[in-house]
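# Coordinate analysis (summary)
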Amino acid sequence: MPALKRRHFLLGTAATLGALVVGWSASPTRQRLTTAEPLPAMASGQVALNGWVKVSPDDTVTLMMAAAEMGQGIHTGLAMLLAEEMDADLAQLRLEQAGYDPIYNNQAALLDNLPMFKPDDDGALKRGTRHVVSKLLREVPGLWGSGGSSGIVDQWTPLREAGASARAMLVGAAAAAWGVPAAECEVAAGRVSHPASQRSASFGELAARAATLPLPAQPTLKDPSRYTLIGRPVHRLDSAPKLDGSARYGLDALPPDGLLYATLAMCPTLGGRVARFDDTAARAMPGVRKVVALAPVGGGLGSGGMTSGAVAVIADTPWHAMRALDKVMIDWDHGAAASLSSRALIDQLAQSLDAPDQADVHLETGDADAAMKSAERTIEAEYRVPFIAHATMEPMNCTVQFKDGAATVWVGVQGPGMLRGGIAKVLGIEAAKVDIRLAYLGGGFGRRYLGDFVMQAAALARETDGMPVQLMWSREQDMAHDYYRPAYVARSKAGFDAQGRLVAWRVDTAGSSLGSPAFLSAAAEGTATTAYRFANARVAHRTMESAVTVGIWRSVNHSQNGFFTESFIDECAHAAGQDPVAFRRALLAGSPAEARHLGVLQRVAAMSGWGTPLAPEADGTRRARGLALHRSFGSVVAQVAEVSLTPERQIRVRRMYCAVDCGLAVNPNLVRQQMESAIVFGLSAALHGEITIERGQVQQSNFHDYAPLRMNECPQIEIAIVPSSAPPTGVGEPGTPPVAPAVANAVFALTGQRLRSLPLRLA
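Summarised in this report is the structure supplied together with it. Just so it is clear, the structure is predicted and the values come from calculations on it, not from any experiment.

## Observations regarding the overall build of the chain
Summing up its helical and strand segments, the chain has 19 helices and 31 strands in all. A principal-axis box enclosing the C-alpha atoms of the chain has dimensions of 90 × 80 × 75 Å. For the chain, the share of sequence-separated contacts (at least 6 apart) that also reach a separation of at least 24 residues comes to 78%. Per element, the accessible surface of the chain, about 31300 Å² overall, is 54% carbon and sulfur. Counting 71 positive and 72 negative side-chain charges, the chain places the centres of these two groups 2 Å from one another.

Structure representation (C-alpha cells):
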C-alpha cells in the first residue's frame, strides 16, 4: 500500500471538513426559545415556560432581560413585545437579568451591520453570509449586549414567539383542566377564560400544568391589527424607580460583606505607565488599606489604544482614598505619546489623502475619475472633525469581590457577557466563575461596551483579601482617559455637466479603524452606504492609527460621515442652483430605498415650512433653515435646523424638526425621546465638542471646558414618526448623524459661509 502523503492527507481532511461545514451551513438556524439548561426558579412555585418567560403562583410574569438599560427605554420596549403576544398585563411583568446562553446573543448588532454589504443589497451572497453568521452566533455563549440601536430589532421575533408560545401553553393547560377545546378559550390581562362555561383562571394558577406541556412547534403570532400594546405610547417601566430613588446604578452597589473604595491617578499622557512611586506618606494615613500600581489596559472590541497605567489607593471610604492619593509621589513613564498633538494628527490625516491610491475602496460605480475629467465644472471641499468624548453623566465605576476562587461584579456595562473572559483572565479563574450583576447605566453611548475600568477593578480585587472593592474614576480622569470618537478628515469632489447635473462623486476619508481588521472595516458607513444614486462614484478610506485611545461613539462612523456627506450634498445643490430638497429628491430616484427617504424628506419639509420665507425674530434677528437626510442602523432620518446668530456671532439653534422612519414604532414615546436625546447629543458635539491633545495629554478636564448643550441653548424640538408596518429598525443612534450637517447648512443659508470643521464656529 503506498504511503499516504502529507499533502493528500491535508487535502482529504480539508475536503471532509469542508463538506461538514457546507452541510452545517445549509441546515436551519437553531431556535431562540429554549436554553441549554433550565432556568432557575427564583421564587417558590415559579416555573419556566421557555428560555425567556417564568410564571409564579402570585401571577408574576418574569422576563429574562438580555439588554442593558441606559436611558433608551429598552426594558419597557422589550417587555411590551412579550406582554403583547402573551396577553399579559404589563403591570405583572418583572425583569430578571438573563444568563449567557446563546439564545440571548444580540445577533442583529452584527447581522444588520455587516460592513462588506450595502444596506440595499439583498443578494444571495448577503443572505447566505447572514445565515452562516446567525448560526455561528447561536452557538457561542455570552454575546448579548446593547449597542448598534439593535435591542428591539434583535428581539422583535424571539420575544414575540416566546410570548405566543407561553400563551399557547397556558391556554392548553386551561383547556385540559376544563375539558374544552383550546380554540374556545380567550386570554386577556393575564387570565385565560372560557366564555361559554364562564370559567377563568390566572396565569399563576395555570403555570405549573402549562410547564408540563411541550412547546408549540410554531407559535402563532398576532396579526398587527390585534395589537393592544405595540404601537402605543406606554409609560416607561423605569420611570418610577428613577423618580423615587430606588433605581440601582453601578455606584449603588451594596455587597453583603461590606465595601472598600478605590480611587486612582492615571498617567496624564495617553498610554503612559507608572515608572515608580513612593507611597510612604499615603500608607501612614488612617483608613488606607493598600496602594497598588496598575498596568495599561486595552478597552476591547471596538476600540484602539491603551488606557494609561495608574496608581490606585484602596481605603475604607472614598474620602480616605482621595486624600491618600494626593500624598503618593509618582514618576511616570510617558511613553511614545509624549510628543503627541491632536492638531498635528489631524494635519497628518489630511496629508495622507494626498496619496488616495493607498486607500481601501468601499464603493465604485461607473468611472468617477473619467467623469470628473470630462465634467464641465467641479467643486471640492475638505471637512474635519476632532476627537470628542462620551462624557457620560455617571463616571466609570465598577465593584468587584474576588472570594473563594470566584468573582462577583456589580457594574453598569453594555455587554456583560463579553467582559467575563477578560475579568476571568485578570483573576486567573474560569469565565463561568464570574457573576456580573448588571446595574442601570448612567449613560453609555458606546463607552460602556469597553472594559478597561472593569479590568482595573478586577485587578484591585486581588488585593483586598476577599473584601468587595469599588473603583470610581473622578470626572477629571474620565475626561482625560476616554476612548474618544476618532478625529477624521474627508475630501469630497463633485463634477457637473453643462446642464448642472451631478455626473461624478468622489469621497476620500482618513481616520482610525477602531481596532477592526480591514475586511471588517465599517469606516465607510455613511459615505459608501447612502441611498443616493450616483452614476459615477468612488468612496475610499485610508486607515491611520495613533496612540490616542479611540472607541465606538453614538452612531459610530455615521457620526462624522453623515456630516461629510450631507454637508457636501448641500454644497452640490447650491453649485447646481437647485433647492436642497429637490436636489436630494432627484438623487434618490430609482433607489430601492427611495420611498422611505422621500417619506421623511417630504414630512420634514412640511413640518418646517421649507420653501416659505422665514420671518425674523421679534428683535429683528434673521433666521435660516438647513436640511440633512441620513440613513443608519436601518432607519431613515431627515432634519431641518432653524438657526440665528447672537450679537457676538455665536450660533443659536432655535428649532429642530425631525422626521424618522424606523419601521413599526413599538412605543412612540420611546422613539420621540430617543430622537430628542440624539438631537441634544448631536448639538453638543456640533457646537461644543472638541478634545484637544498637547504633549500627549488631554487638555479638557470637566464640563467647564468640555461643555454639553446647556438648557438655555436647547432648541424647540418637533418629532414626526412616519407610519410604517415594516419590522422595527434602529432608534437610539440614527437621530445623531443629521444634526451637525443640518446646522452647518443652515449657517450657510444665513451667512453664506461654509463651516467644514466641527465644532461649528464662525470666524
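Picking up where we left off.
## What to know about the pattern of salt bridges
Applying the stated rule across the entire model yields 37 salt bridges. Residue Glu382 pairs with Arg491 through a salt bridge whose shortest N-O separation is 2.8 Å. Here Arg491 lies in strand E22 (residues 488–496) and Glu382 lies in strand E17 (residues 377–385), a separation of 109 residues in the sequence. Given the relative accessible area of 27%, Glu382 is considered partly exposed. Salt-bridge contacts for Arg754 lead to Asp570; the nearest nitrogen and oxygen are separated by 3.2 Å. Here Arg754, found in the segment after helix H19 (739–751), pairs with Asp570, found in helix H15 (residues 558–575); they are 184 residues apart in sequence, far enough to count as distant. Across this residue pair, the class does not change: Arg754 and Asp570 are buried. Overlapping salt bridges bring together Asp347, Asp354, Glu382, Arg384 and Arg491 as one network.

## Here's the deal with the side chain of Ser56
Tracing the backbone through its elements, the reader meets Ser56 in the loop between strand E2 (53–55) and strand E3 (61–65). On the basis of relative accessibility, which here comes to 6%, the residue Ser56 falls in the buried class. Engagement of the side chain of Ser56 in a polar contact is seen with the side chain of Gln46, the distance being 3.3 Å. The contacts of Ser56, once residues within four sequence positions are left out, are Ala43, Gln46 and Gly204.

## So, the environment of Gly250
Within the secondary structure layout, Gly250 lies in the loop between helix H7 (239–244) and strand E8 (260–266). Linking Gly250 and Asp122, residues 128 residues apart in sequence, is a C-alpha distance of 42 Å. Aside from chain neighbours lying at most four places away, what touches Gly250 is Glu394, Asn397, Thr399, Gly412, Ala439, Tyr440 and Gln470.

## A look at the side chain of Glu642
Positionally, Glu642 belongs in strand E27 (residues 635–645). We classify Glu642 as buried; its relative accessible area is 2%. For Glu642, the side chain forms a polar contact with the side chain of Arg623, separated by 2.6 Å. Within the structure, Glu642 has its side chain in polar contact with the side chain of Arg655 (distance 2.8 Å).

## What to know about helix H12 (residues 416–427)
Helix length check: H12, at 12 residues, gives a terminal C-alpha distance of 16 Å against a target of 16 Å (1.5 Å per residue), a fit within 8%. Residues Pro416, Gly417, Leu419, Arg420, Ile423, Ala424 and Leu427 constitute the buried set of H12. Across the axial projection of H12, the buried residues extend over an arc of 145°, all falling on one side. Buried residues belonging to H12 abut strand E18 (397–403), strand E19 (406–411), strand E20 (434–438) and helix H13 (452–461). Backbone geometry just downstream of H12 places Gly428 in the positive-phi region, at approximately 70°.

## Here we look at the sheet that holds E2
The 4 strands lie next to each other as E1-E2-E3-E4, forming an open sheet whose pairing is mixed. Edge positions in the sheet fall to strand E1 (47–48) and strand E4 (93–97), since each has one partner strand and no second. Relative to E4, E3 runs parallel, the two being bridged by 5 bridges. Along E4, the bridge assignment pairs Val61 with Leu93. Strands in contact with helix H2 (residues 74–86) are E2, E3 and E4; relative to E3, the strand with the most contacts, it is inclined by about 130°.

Here is what the cut-offs are and how they apply
- Residues numbered from 1 in each chain as written.
- Predicted model: local features only at pLDDT ≥ 70, side-chain atom pairs only at ≥ 80, totals over all residues.
- Heavy atoms only, no water.
- Helix = DSSP H or I, 4+ residues; strand = E, 2+ residues; numbered from the N terminus.
- Contact = heavy atoms within 4.5 Å.
- Areas by Shrake-Rupley, 256 points an atom, 1.4 Å probe, with all protein chains shown as cover.
- Lys, Arg positive; Asp, Glu negative; His and termini not counted.
- Charge placed at Lys NZ, Arg CZ, Asp CG, Glu CD.
- Salt bridge = Lys/Arg side-chain N within 4 Å of Asp/Glu carboxyl O.
- Buried < 20%, exposed > 50% of the residue type's maximum accessible area, 1.4 Å probe, protein only.
- Polar contact = N/O pair within 3.5 Å; in protein donor to acceptor, adjacent residues only side chain to side chain.
- Expected span 1.5 Å × (residues − 1).
- Arc of directions from axis to C-beta.
- Pairing = 2+ DSSP bridges.
- Axes fitted to C-alpha atoms, helices over the stretch in contact; angles between N-to-C directions.

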